[in-house]
Amino acid sequence: MRTMASHPASMPLGRLALATLILPVSVCAQAQDATEATPEVQDRFVHEITVTARRREENLYDVPVAVTAIGGADLEARGIQVVSETFGEIPSLFFTTAGAPIHDASTSFLVMRGVGATYVADPAVGIFVDGIYQPTISFGQEILAVDRVEVLRGPQGTQFGRNTQGGAVNFVTRRPSRVWEGRVAAELDELSTLNASLYASGPLSDSLAGNFAASVSSSDGYVHNTFTGKDQTRNRGGKARAGLQWGEPGGVRAYATAFYEERRGPGMSLGVLQGCECYDVELDVDRDNEFESYGASLEVTIPIGDLTLQSLTGYSRADADAVEDVDGTALFRGNIDRTIQTQRFASQEFRLQSPTEGALDWMAGLYFEDSRRALTVDRQWPDFIGYVDFLDDTVIFATGSVDTTAYAVYGEINYAFGSGWELDVGGRYAREEAQRDGHGFINIPPLGGIVASAESQRARVDYSTFTPRIALSYRPSSDTIIYGSFATGFKAGGFSAFPGLNQLDDAFEAEKSLAYEIGTKALLLDGTLSLAAALFYTEIKDQQVEVTVLIDGLPRSVFDNAAESESRGVELEASWRIGNNWRLKASGSYTDARYKRYINANGVDLSDTPFPFVPEWLASASLDYRRLIGDGVTFTGELSGRYIGRQRSNPATLPDADNIYLPVPSSTVLDARIGIETDRMRMFAFVRNLTDRYYITHAAYAKFTQGLPPYNERAYEQPGSPRVVGLRFEWSL
């Protein structure tokens, strides 16, 4: 039986939202003879999207790269707060929690085209803000003051910093404006959610402009803890970003930013009991997870004759402290896994760019990075007597840090020749050094106390490689481009970010890939229909994989390198403006990612088995309607849906468990919104999960309990949100 925590404000808000839904419809009905969509309204459907995928401004459909761009206005209108809410809408993009000791936003990482699904120490898909690489555990960073999000698929080593073997996600922030502008917004829903934000921008002097954005959020969430009587997915948070821009176009320019973010809430832990189709958990751990990050960046652009020199400097720090109920139940009291992470990151990049107007242009760059990631895993299991008697009061403690230094030199040449042909040739030479320091122990009082320990010890490895890229494109017309590319990807070896006692000096090897892609983009029907399609094939050698083995009778994590793997698939995107008022958008991808040749550390042959965390099918569609219904008032409505195909989730903790992976069924979720807007105001009601479908996003076993009676069937799943009705209001100053 499906149950959910009761929220007293839900019914009044639902009625208010319903009234908001009905009001613009009635207004629209009374204005059937009003004018059709004006050019300004039409432009909201098919405005040109400028991207910087090749580190210069280009129209999205002129770039011979598989890239998806979502504008900031679309993100706000649809209430998208974090990257994870775009899963299913961007082809081949998903997430993984492989290798993570707990299930939290700070231990989730992006997967692109199957690459990065078996996360070990560093992600294979890099996250950037204004081209500057972000710390690993800042993945949960919320979207704030963003002009657009660009998602680039395939290796991006000649354009972006490290860890772009699978692709890159670049957040492009709003630059300060030369006229004063501002905006306030608020969002409410029936889960007692409140999101409030403000944005202000304008000139501070003739050559200096600034902007500031801030938001606060709180919600009770939708999962209830029947043991504590509290809302388990409640959360609170706030964030702020400020920017200063100095200089004039054509001269020396500088853009400086600073940001701060914090959030807290207990999280869902392992989730609900598998198969219950409910929103209730029974956890005896009552403690908030905490996350904090802050940082600054500086971009300086200097004209040198016809050339442009750009400097990108970034610094950030992120701290996360999360606790998980290790057994997923209140049957065992006080059994927790606590993970404390700190990451400090600094980078410096110099890039020299030639003019881009001629037949030949080029770009060269230098990159340097210094980072430290420190992590402590504290496992306290005082009451596991129903599992194995001698584990009473067990404490497993491990702490360590990984210091990484990375250097790279890269470049690319673009040459246009013949009639519509262009050749891009580039490469990146990179060197990385990693040093590990850590110690730990296992304490079992009934067996006399410390039964295993590792003293502080250091180990060091270094890797270097050259990764070339070549792409050829042809334009049979000004509205069509056909391209093909070959690129190599690289992810350095190193040491675990989540250490076990046996891992303190065990290094894993580097992972390499060969990526092939052919694609096309076209504008048809007088520019009202845009299409993009791509076929890809990726060979991966020495794929980094985490495996649990038994050492001295206790489960420990070790790291493997799968000899050969591959990923292949197809991606499609389309946007069609139908008449003056309608827009239809659709996207989809198919990915077949599997090990070709791999016998893991337990001797299990996993050859020809799929990767975890890679749905074969992802698809989305939306129908958008806009109509001018009165004096400067526009009626808007949208129905959208996304499909995430069946996948495999976390592997079993014990090596001899019958089912190595847990299945996650496919899901289809529909959303709707309807409202009105003017040049200064926007108000709409929304319904997320319109059909109130129960679906899950993740599945996991309770640690070290599967395969052992009476808990051999105890698995958990994390449900997605049930139907939620809400309101959003925005006012431009």
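Computed from a predicted structure; not experimentally measured.

Observations regarding the sheet that holds strand β14 (residues 230-231)
Turning to step 1, where the next piece is worked out: Spatial ordering of the open sheet is given by β14-β13-β18, a layout of three strands whose pairing is mixed. Sheet topology places β14 and β18 (280-281) at the edges, where each strand pairs with a single neighbour.
Turning to step 2, where the next piece is worked out: For strand β13 (residues 224-225) and β14, the ladder comprises two bridges, and the chain directions are antiparallel. Bridge assignment links histidine 224 to a residue of β14, and that residue is aspartate 231.

A word on unusual backbone geometry
Turning to step 1, where the next piece is worked out: Positive phi, normally seen in glycine, also occurs at aspartate 608, with a value near 65°.
Turning to step 2, where the next piece is worked out: With respect to the helices, strands and loops of the structure, aspartate 608 is situated in the loop between β30 (582-597) and β31 (617-628).
Turning to step 3, where the next piece is worked out: Backbone geometry at aspartate 692 places phi at a positive 55°, although glycine is not the residue there.
Turning to step 4, where the next piece is worked out: Checked against the element boundaries, aspartate 692 lands in the loop between β36 (681-688) and β37 (696-701).
Turning to step 5, where the next piece is worked out: Accessibility expressed as a relative area gives 24% for aspartate 692, which makes it partly exposed.

Quick look at the packing of aromatic side chains
Turning to step 1, where the next piece is worked out: In the structure shown here, the tally under the stated rule is 15 aromatic pairs.
Turning to step 2, where the next piece is worked out: Where tyrosine 595 meets tyrosine 598, the ring centres are 5.0 Å apart and the plane angle is 50°; that geometry is what we call tilted. Tyrosine 598 carries the same exposure label as tyrosine 595, and that label is buried.
Turning to step 3, where the next piece is worked out: Among the aromatic residues, ring-to-ring pairing joins Tyr415, Phe417, Trp421 and Tyr474 into one connected group.
Turning to step 4, where the next piece is worked out: The ring of phenylalanine 684 carries arginine 673 above its face, with NZ or CZ at 5.8 Å from the centroid.

Details of the pattern of salt bridges
A side chain with one charge can pair with a side chain of the opposite charge if their charged atoms come near.
Turning to step 1, where the next piece is worked out: Tallying each qualifying case throughout the model produces 41 salt bridges.
Turning to step 2, where the next piece is worked out: The partner of glutamate 290 in a salt bridge is arginine 264, and the shortest N-O contact between them spans 3.1 Å. Taken together, the residues span a long stretch of sequence, with glutamate 290 in strand β19 (residues 289-304) and arginine 264 in strand β16 (residues 253-265) at a distance of 26 residues.
Turning to step 3, where the next piece is worked out: We classify glutamate 290 as partly exposed; its relative accessible area is 35%.

Remarks on the environment of phenylalanine 684
Turning to step 1, where the next piece is worked out: With respect to the secondary-structure elements, phenylalanine 684 resides in strand β36.
Turning to step 2, where the next piece is worked out: Counting along the chain gives eleven residues from phenylalanine 684 to arginine 673, while the straight-line C-alpha distance between them is 6.6 Å.

Quick look at the state of the cysteines
Turning to step 1, where the next piece is worked out: A complete count under the given rule lists one disulfide for this structure.
Turning to step 2, where the next piece is worked out: The disulfide partner of cysteine 276 is cysteine 278, and the gap between their sulfur atoms is 2.2 Å. Sign of the S-S torsion, about -80° for the bond between cysteine 276 and cysteine 278, identifies this disulfide as left-handed.
Turning to step 3, where the next piece is worked out: For cysteine 276, a relative accessible area of 22% puts it in the partly exposed group.
Turning to step 4, where the next piece is worked out: Look at cysteine 278 and you get buried, because its relative accessible area is 9%.

So, the nonpolar core
Turning to step 1, where the next piece is worked out: Among the nonpolar cores identified, the biggest contains 19 residues, and Leu110, Val149, Val169 and Phe171 are the most heavily contacted of them.
Turning to step 2, where the next piece is worked out: Elements represented by at least two residues in this core include exactly β4 (93-96), β5 (109-112), β6 (125-129), β8 (146-153) and β9 (167-173).
Turning to step 3, where the next piece is worked out: Val65, Tyr133, Phe160 and Ala430 belong to the second-largest nonpolar core, a separate cluster that totals 18 residues.

Some thoughts on the environment of alanine 398
Turning to step 1, where the next piece is worked out: Counting through the fold element by element, alanine 398 comes out in strand β23 (residues 394-417).
Turning to step 2, where the next piece is worked out: Each C-alpha atom of the pair alanine 398 and aspartate 378 lies 6.6 Å from the other, and the pair is 20 residues apart in sequence.

Examining the side chain of threonine 233
Turning to step 1, where the next piece is worked out: Take threonine 233: it is sitting in the loop between β14 and β15 (235-246).
Turning to step 2, where the next piece is worked out: Note on threonine 233: relative accessible area 12%, which makes it buried.
Turning to step 3, where the next piece is worked out: Of the polar contacts made by the side chain of threonine 233, one reaches the backbone nitrogen of valine 223; its length is 3.1 Å.

Considering the confidence of the model for the chain
Turning to step 1, where the next piece is worked out: Mean pLDDT for the chain: 82, with 78% of residues reaching 70 or above.
Turning to step 2, where the next piece is worked out: Between residues 5-11, whose pLDDT stays under 50, and residues either more than four places distant or in other chains, the model counts nine contacts.
Turning to step 3, where the next piece is worked out: Across residues 706-712, confidence stays below pLDDT 50; counting only partners more than four residues off in sequence or on other chains, it has 16 contacts.

Analysis parameters
Residues numbered from 1 in each chain as written. Predicted model: local features only at pLDDT ≥ 70, side-chain atom pairs only at ≥ 80, totals over all residues. Heavy atoms only, no water. Pairing = 2+ DSSP bridges. Helix = DSSP H or I, 4+ residues; strand = E, 2+ residues; numbered from the N terminus. Buried < 20%, exposed > 50% of the residue type's maximum accessible area, 1.4 Å probe, protein only. Phe/Tyr/Trp six-rings, centres within 6.5 Å; stacked < 30°, edge-to-face > 60°. Lys NZ or Arg CZ within 6 Å of the ring centre and 35° of its normal. Salt bridge = Lys/Arg side-chain N within 4 Å of Asp/Glu carboxyl O. Disulfide = S-S within 2.5 Å. Core = buried A, V, L, I, M, F, W, Y, C linked by side-chain atoms within 4.5 Å. Polar contact = N/O pair within 3.5 Å; in protein donor to acceptor, adjacent residues only side chain to side chain. pLDDT = per-residue confidence, 0-100. Contact = heavy atoms within 4.5 Å.

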